[in-house]
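As a plain string of letters, each chain reads:
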Amino acid sequence: MGYDANNIFARMVRGEIPCIRVHEDADTLAFMDIMPQADGHTLVIPKVAGENLFDTAPDSAAAAIRTTQRVARAVRSAFSPAGLIITQFNGAAAGQTVFHLHFHIVPVYTSGAWRPHAREKADPAALEAQAARIRAALAAG
Ligand code: AMP
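**A closer look at the environment of H117**
Argument step 1. Looking at the secondary structure, you find H117 in the loop between β5 (103-108) and α3 (124-140).
Argument step 2. Once the C-alpha coordinates of H117 and A38 are considered, the two residues, 79 residues apart in sequence, prove to be 9.9 Å apart.
Argument step 3. Once residues lying within four places of it in the same chain are set aside, the contact partners of H117 are Q37, F89, G95, T97 and H104.
Argument step 4. Reaching out from H117, the side chain makes a polar contact with the side chain of Q37 at a distance of 3.4 Å.

Written out as structure tokens, the structure is:
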């Protein structure tokens, strides 16, 4: 199966469906995961088509990593987690559910376990509030 240009993240890049955006530039987009595993769970994608790390051009993957590093710093500064995990899944067997390359930024807190992957939708108002904290941290540099 090839890349599906109508996957949900491709549609976000084209502005066809909304997302709770924290950062956008010419090459990448970062937004809140709507079924977060922890408060502050953010996703980063390159704008170009590519299912996973193997079929995305190195320059595009590099742009996504640069944005991931920048947004992860902002998430760390906004939420002060004990740690922070970056994940990226390749293939359904590895846990991938949306087939457009993306990096998860997931804070780890000392209190409370991770919520299950892609299971429960969060309150949109809570996600907006978290996004505002991340945007402010990005703006502060
Ligand atoms: P993966 O399993 O690595 O492919 O992760 C896909 C992620 O996308 C999951 O964590 C989902 O919660 C998240 N997700 C699915 N639909 C949306 C959406 N409309 N907006 C934001 N995140 C989404």
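**Focus on the pattern of salt bridges**
Argument step 1. In the structure shown here, the tally under the stated rule is six salt bridges.
Argument step 2. The residue R21 makes a salt bridge to E24 at a minimum N-O spacing of 2.4 Å.
Argument step 3. A salt bridge links D39 to R115; the nearest nitrogen and oxygen atoms lie 3.3 Å apart. Of the two residues, D39 sits in the loop between β2 (28-32) and β3 (42-46) while R115 sits in the loop between β5 and α3, which places them 76 residues apart along the sequence.
Argument step 4. Judged by relative accessible area, D39 falls into the partly exposed class, the value being 35%.
Argument step 5. Judged by relative accessible area, which is 34%, R115 ranks as partly exposed.
Argument step 6. Each member of the salt-bridge network shares a partner with another, and the members are R11, R14 and E16.

**Re the site of the ligand**
Argument step 1. Surveying the vicinity of the ligand reveals 18 residues, the closest of which are D33, T97, H102, H104 and H117.
Argument step 2. One of the backbone N or O atoms of V98 is found 2.9 Å from an oxygen atom in the ligand.
Argument step 3. Of all the elements, helix α1 (residues 8-13) adds the most residues to the shell around the ligand, at three residues.
Argument step 4. Broken down by class, the residue content of the shell around the ligand amounts to 11 nonpolar, six polar and one charged.

Cut-off values and rules
Residues numbered from 1 in each chain as written. Predicted model: local features only at pLDDT ≥ 70, side-chain atom pairs only at ≥ 80, totals over all residues. Heavy atoms only, no water. Helix = DSSP H or I, 4+ residues; strand = E, 2+ residues; numbered from the N terminus. Contact = heavy atoms within 4.5 Å. Polar contact = N/O pair within 3.5 Å; in protein donor to acceptor, adjacent residues only side chain to side chain. Salt bridge = Lys/Arg side-chain N within 4 Å of Asp/Glu carboxyl O. Buried < 20%, exposed > 50% of the residue type's maximum accessible area, 1.4 Å probe, protein only. Near = heavy atom within 4 Å. Nonpolar A, V, L, I, M, F, W, Y, C, P; charged D, E, K, R; others polar.

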